[in-house]
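Next come the chains, spelled out residue by residue.
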Amino acid sequence: MDTESTYSGYSYYSSHSKKSHRQGERNRERHKSPRNKDGRGSEKSVTIQAPTGEPLLANDSTRTEEAQDDNWGETTTAITGTSEHSISQEDIARISKDMEDSVGLDCRRYLGLTVATVLGLLVFLSPIAFILLPPILWREELEPCGTICEGLFISMAFKLLILLIGTWALFFRKQRADVPRIFVFRALLLVLIFLFVVSYWLFYGVRILDPRDRNYQGIVQYAVSLVDALLFIHYLAVVLLELRQLQPMFTLQVVRSTDGESRFYSFGHLSIQRAALVVLENYYKDFTIYNPNLLTASKFRAAKHMAGLKVYNVDGTNNATGQSRAMIAAAARRRDSSHNELYYEEAEHERRVRKRRARLVVAVEEAFIHIQRLQAEEQQKAPGEVMDPREAAQAIFPSMARALQKYLRTTRQQHYHSMESILQHLAFCITNSMTPKAFLERYLSTGPTLQYDRERWLAMQWRLVSDEAVTSGLRDGLVFVLKCLDFSLVVNVKKIPFIMLSEEFIDPKSHKFVLRLQSETSV
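Residues numbered from 1 in each chain as written. Predicted model: local features only at pLDDT ≥ 70, side-chain atom pairs only at ≥ 80, totals over all residues. Heavy atoms only, no water.

Let's talk about unusual backbone geometry
Now for step 1: Even without a glycine there, the phi angle at Arg212 is positive, about 55°.
Now for step 2: Inspection of the secondary structure puts Arg212 in the loop between helix H6 (184-209) and helix H7 (216-243).
Now for step 3: The class for Arg212 is partly exposed, based on a relative accessible area of 39%.
Now for step 4: Even without glycine at this site, Ser433 takes up a positive phi of about 55°.
Now for step 5: Within the secondary structure layout, Ser433 lies in the loop between helix H12 (419-431) and helix H13 (436-444).
Now for step 6: In this structure Ser433 comes out as exposed when scored by relative accessible area, which is 62%. (Helix = DSSP H or I, 4+ residues; strand = E, 2+ residues; numbered from the N terminus. Buried < 20%, exposed > 50% of the residue type's maximum accessible area, 1.4 Å probe, protein only.)

Structure follows, in structure tokens:
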């Protein structure tokens, strides 16, 4: 009986636990469902796509270099609930704004090119039309011109050729960037040329076409005068667009907001948007590439110091200001001992970098010695059996791959160098008979942005932020900002000071000295 009662009790308990388990599953499924029908309770998820080039290291390589936080359970934020297809009204507005901006830029670009092309055709065809219309409309009434007109024809032909070459060199260039506003001087020149040509056509219609002027020599001289005036306008365009900005008038200090790296540049009279364009062109070749992984160490250290701080609310009131002040005061008391930790961390990191750098240098030198041996052996082989530089790079790369991988991981450069880019650089060095030091220069020292893959900097979109209109010129004390996704460039404009240089005349006779020797010496 005891056994049967025990067994029946066990069966009752198991059935009851199964029912409670099924009810718990139903409750969890009910909690997983959205709060309402329109999906307001669901959370947004962002999908970040990796770059096309496969990195040399794994994605979690940077995590292994940092020590784990002891209090990770108290400081870690867990995100629960996903919605792969959710999108907010802000995202829709941003996408529509980006589409409108791109369409506006394309329309403005093609509209400007169309206007310039039409105006250029009008300019070059107008002098020819001035000469051809009278012989076509009233040939019998024209007076003979003779040798004078033939000389004017040759002169106008060469002037039009010079004007065509100068216009092509000055205006028809490949566009380097899309600027937010039009170039004021170029627009004024186009308007001036249009008004000038229209006024010539009006005068031509009133004084030549209507009365059917028979003085053909005067008509040809009228067309030549138009070409001369267009040459003077082209000279004015060269002065305004090219020569005016050559004399330095301002010094621009460009500071990167993340790490404080700065450069100085001297500019002439430029508008804000053109100065910003020149700053970005110099940024890609002068500034070292931005590496966000170098800033994670300081952020991790600050989070580690703040992780062990807890504020207890004894009174029960919600005083966020008091809690923040208490945490700041506690962090200030712990600041006295944090410099020792920073010192030893930096010393350990430098020691590890020097060690792995030495290993990398030795591995690369041994690999290049092996290359020399292979070249000596290839000279004895048949022409069909000689290895190309790509095959030679693939043959020696495994001997240096591990040392290079560890060094790039320690210096946090692994996401800038893929295996394909390293092989291409190695094949390039082998082709041009470069030394191991020349091969390692790209990895031992951080280079400018242009040195790395085009996918990492070619698609960067910049925004110009300025208190004044971007078409206005530079002035002393002006500050504008160039923003991208990860950082910004703060540009401070200073005027070059006026230098007063005076001349001082030195008489050549003033450099003569007299040497007097004393016969007595001190004992």
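Observations regarding the packing of helix H11 (residues 389-410) against H12
Now for step 1: One can describe the packing of H11 onto H12 by two numbers: an axis separation of 9 Å at closest approach and a directional angle of 125°. Here H12 runs oblique to H11, going by the angle between their axes. Note that H11 runs across H12; the crossing there is right-handed. Touching Pro389, Arg390, Ala392, Ala393, Gln394, Ile396, Phe397, Met400, Leu404 and Leu408 of H11 are Met419, Glu420, Ile422, Leu423, Gln424, Leu426, Ala427, Ile430 and Thr431, all from H12.
Now for step 2: Of the residues that constitute the contact of H11 with H12, the class distribution is 14 nonpolar, three polar and two charged. (Axes fitted to C-alpha atoms, helices over the stretch in contact; angles between N-to-C directions. Parallel < 35°, antiparallel > 145°, perpendicular 65-115°, else oblique. Left-handed = near helix turned anticlockwise from the far one by under 90°. Contact = heavy atoms within 4.5 Å. Nonpolar A, V, L, I, M, F, W, Y, C, P; charged D, E, K, R; others polar.)

Points about the sheet that holds strand S2 (residues 262-267)
Now for step 1: Taken in spatial order, the five strands make up an open sheet running S2-S1-S5-S4-S3, and their pairing is antiparallel. Two strands lie at the open edges of the sheet, namely S2 and strand S3 (463-466), each paired on one side alone. The mean inter-strand angle of the sheet, taken between neighbouring strand axes irrespective of direction, is 25°.
Now for step 2: Sheet topology places strand S1 (residues 250-256) next to strand S5 (residues 488-495); seven bridges connect them, and they run antiparallel. (Pairing = 2+ DSSP bridges.)

Quick look at the UniProt feature "transmembrane region" (unreviewed entry) in the protein
Now for step 1: Following the UniProt record, the feature "transmembrane region" (unreviewed entry) maps to residues 110-132, 152-171, 183-204 and 219-241 here.
Now for step 2: Within residues 110-132, the helical portion is 100% and the strand portion 0%, while the C-alpha atoms at the span's ends are 32 Å from each other.
Now for step 3: Summarising residues 152-171: 95% helix, 0% strand, and an end-to-end C-alpha distance of 27 Å. (UniProt positions renumbered as here; feature names shortened; annotations may be inferred.)

A few points about the state of the cysteines
Now for step 1: As enumerated under the stated definition, the model contains one disulfide in all.
Now for step 2: The disulfide partner of Cys145 is Cys149, and the S-S distance across this bridge is 1.2 Å. Given an S-S torsion of about 90°, the disulfide between Cys145 and Cys149 has right-handed geometry. (Disulfide = S-S within 2.5 Å.)

Some points on the packing of H6 against H7
Now for step 1: Relative orientation of the contacting elements H6 and H7 amounts to 170°, with a least axis distance of 11 Å. Between H6 and H7, the crossing angle belongs to the class labelled roughly antiparallel. Facing Phe185, Arg186, Leu189, Leu192, Ile193, Phe196, Tyr200, Phe203, Tyr204 and Ile208 of H6, the residues of H7 in contact are Ile219, Tyr222, Ser225, Leu226, Ala229, Leu230, Ile233, Leu236, Ala237, Leu240 and Leu241.
Now for step 2: Split into classes, the residues belonging to the contact of H6 with H7 amount to 19 nonpolar, one polar and one charged.

Section: the pairing of S2
Now for step 1: Where S1 meets S2, six bridges bridge the pair, whose relative direction is antiparallel. Bridge pairing in S2 links Gln253 to Phe264.
Now for step 2: With antiparallel pairing between neighbouring strands as the criterion, S1 and S2 make up a hairpin whose turn holds five residues, including Gly260 at a positive phi of roughly 80°.

Observations concerning the nonpolar core
Now for step 1: Among the nonpolar cores identified, the biggest contains 28 residues, and Phe130, Met156 and Tyr216 are the most heavily contacted of them.
Now for step 2: Where this core is concerned, the elements lending two or more residues are helix H4 (89-137), helix H5 (147-170), H6 and H7.
Now for step 3: A per-element tally of this core places H7 first, with ten residues.
Now for step 4: Once residues within four sequence positions are removed from consideration, Phe130 is found in contact with Tyr200, Trp201, Tyr204, Ile219, Tyr222, Ala223 and Leu226.
Now for step 5: Counting residues in each nonpolar core, the second largest holds 26 residues, with Ala392, Ala393, Ala427 and Leu440 among its members. (Core = buried A, V, L, I, M, F, W, Y, C linked by side-chain atoms within 4.5 Å.)

Let's talk about the environment of Glu143
Now for step 1: Residue placement: Glu143 occurs in the loop between H4 and H5.
Now for step 2: With 73 residues separating them along the chain, Glu143 and Tyr216 place their C-alpha atoms 6.2 Å apart.
Now for step 3: The contacts of Glu143, once residues within four sequence positions are left out, are Arg214, Asn215 and Tyr216.

A few points about the pattern of salt bridges
Any two side chains of opposite charge can pair if their charged atoms end up close together.
Now for step 1: This model, assessed by the stated rule, comprises eight salt bridges.
Now for step 2: In this structure, the salt-bridge partner of Glu261 is Arg256, at a minimum N-O distance of 2.7 Å. You'll find Glu261 and Arg256 in the same group, each marked buried.
Now for step 3: Members of the salt-bridge network, linked through shared partners, are Arg256, Asp259, Glu261 and Arg263. (Salt bridge = Lys/Arg side-chain N within 4 Å of Asp/Glu carboxyl O.)

Concerning the packing of aromatic side chains
Now for step 1: Within this structure, the stated rule accounts for 18 aromatic pairs.
Now for step 2: When the centroid spacing of 5.8 Å and the interplanar angle of 80° are considered together, the rings of Trp201 and Tyr204 count as edge-to-face. Taken together, the residues span about one helical turn, with Trp201 and Tyr204 both in helix H6 at a distance of three residues.
Now for step 3: Aromatic side chains Tyr283 and Phe487 sit 5.9 Å apart centroid to centroid with 40° between the ring planes, which places their arrangement in the tilted category. Within this pair, whereas Tyr283 is found in helix H8 (residues 272-286), its partner Phe487 is found in the loop between strand S4 (479-483) and S5, the two being separated by 204 residues in sequence. (Phe/Tyr/Trp six-rings, centres within 6.5 Å; stacked < 30°, edge-to-face > 60°.)

Some remarks on H12
Now for step 1: The end-to-end C-alpha distance of H12, which contains 13 residues, comes to 18 Å, matching closely the 18 Å that a straight helix rising 1.5 Å per residue would cover.
Now for step 2: Taken as a whole, H12 has its buried residues at Ser421, Ile422, Leu423, His425, Leu426, Ala427, Cys429 and Ile430.
Now for step 3: With its phi angle positive at about 55°, Ser433 sits one or two positions after the end of H12. (Expected span 1.5 Å × (residues − 1).)

Things to note about the side chain of His234
Now for step 1: The residue His234 is located in helix H7 in this model.
Now for step 2: His234 has contacts with Leu163, Gly166, Thr167 and Leu170, leaving out every residue within four places of it along the chain.

Brief notes about H11
Now for step 1: Across its 22 residues, H11 extends 29 Å between first and last C-alpha, which sits within 8% of the 32 Å expected from 1.5 Å per residue.
Now for step 2: The sharpest bend along H11 comes to roughly 50°, located at Met400.
Now for step 3: Considered for burial, the residues of H11 that qualify are Ala392, Ala393, Ile396, Phe397, Met400, Ala401, Ala403, Leu404, Tyr407, Leu408 and Thr410.
Now for step 4: Directly beyond the C-terminal end of H11, a positive phi value near 60° is found at Arg412. (Bend = angle between axes of the 7 residues up to and from the residue.)

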